[in-house]
Amino acid sequence: MSKINYKSAGVDIEKGYEEISLIKEICKETYDENVISGVGGFASLYKLDGNIENPVLVSGSDGVGTKLKIAIEMDKHDTVGIDLVAMCVNDIVCLGAKPLYFLDYIATNTLEPQKMAKIVEGIKDGCKLSHCALIGGETAEMSDMYQKNEYDLAGFVTGIVDEKKIIDGSKIKPKDKIVALKSSGIHSNGLTLARKIVKDVKKISYDTYIDSLGKTIGDELLTPTRIYVEDILSLLKDVDVKAIANITGGGIYENLSRVLRSDISAKLDLSNVEVPEIFKLLSSWAEIYEKEMYNTFNMGMGMVLVVDEKDVENTINHFKEYEAVEIGEIIEGNGKVII
């Protein structure tokens, strides 16, 4: 008789069953009337809303990156799921799309149902914040691929927008104004550099308490990415937003330029933007040039919107839970961002 089986090779099917039973109930909290079938089958079914005249599906996929390294070292797994959803839904809302449903992929060394449930709880929270249904996913146990306690996350979102309402930057013109929405902190980009500064330059652990932050450096770096979907979608009912940029990897230089045509530029004055303390610390600890900081981190600006001059006041007043500030205008140019 063989002495080897799937479990001894590194895959515990029974723990997989346990995990599914745990996350089924978690996912149900996000279901709406359009979910026909969710977690548990070979695939999930979601019915499209028939009230949109020319529906266009909008898809996005992303991960959390090396922010997971911090979560793993601190053994804190209940917020990275929010980051996962945020990274996906904040992208598709840039086109004016309403998120419909979300799927996740978790790959890990060893399946730990309770830990996986914590991660999925975070994903559920992110889905509820963005009003989309968590209808499926996959968990892969791969001890040959990942070190002990390690895991990785990927997310996939599908949204919908009326074709005539797609936001593509085509309406942008000189003298349009640029408004930035405040970030919740570092979000989920630039963490490889941040981790290197904390560990190799400052040489402190993630549980080191930082007075100016009022928390440990690890807790600050794990602050979940802000989800802007609900507020932006409600703004679109009243304001003709011409472009939206999600300020992720590459900072404002790369991401704002993605919505600019080759005949216009964005001229920015960031003196009104309050730079969060975490960025001031990272910059001072490693003596990083200002341009490098703005080319890597969001520097307090999670999303950037381009609107007509007449809509600036309404746009800024719309965002009540967090600050929105005017940071510049569109000029004739060459598709570049000028600070």
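This text follows the structure it describes.
Remember, it's a predicted structure, so these values are computed and weren't measured experimentally. (Residues numbered from 1 in each chain as written. Predicted model: local features only at pLDDT ≥ 70, side-chain atom pairs only at ≥ 80, totals over all residues. Heavy atoms only, no water.)

(A) Main features of the pattern of salt bridges. Under the counting rule described, the total for this entry stands at 22 salt bridges. Residues Lys164 and Asp162 are paired through a salt bridge, measuring 2.9 Å at the closest nitrogen-oxygen approach. Its relative accessible area of 56% is what places Lys164 among the exposed residues. When the shortest N-O distance is used, the salt bridge between Asp176 and Lys173 registers 3.0 Å. Its relative accessible area of 1% is what places Asp176 among the buried residues. Given the relative accessible area of 36%, Lys173 is considered partly exposed. One network of salt bridges, with partners in common, ties together Glu29, Glu121, Lys124, Asp125 and Lys128. (Salt bridge = Lys/Arg side-chain N within 4 Å of Asp/Glu carboxyl O. Buried < 20%, exposed > 50% of the residue type's maximum accessible area, 1.4 Å probe, protein only.)

(B) View of the packing of helix H6 (residues 191-201) against helix H10 (residues 277-286). Following both chains from N to C, one finds H6 and H10 inclined at 50 degrees, their axes separated by 10 Å at the closest point. It follows that H6 is oblique to H10 by the angle criterion. Crossing geometry of H6 relative to H10 is assigned as left-handed. The segment H6 lies against H10, with Ala194, Ile197, Val198 and Val201 engaging Leu282, Trp285 and Ala286. (Axes fitted to C-alpha atoms, helices over the stretch in contact; angles between N-to-C directions. Helix = DSSP H or I, 4+ residues; strand = E, 2+ residues; numbered from the N terminus. Parallel < 35°, antiparallel > 145°, perpendicular 65-115°, else oblique. Left-handed = near helix turned anticlockwise from the far one by under 90°. Contact = heavy atoms within 4.5 Å.)

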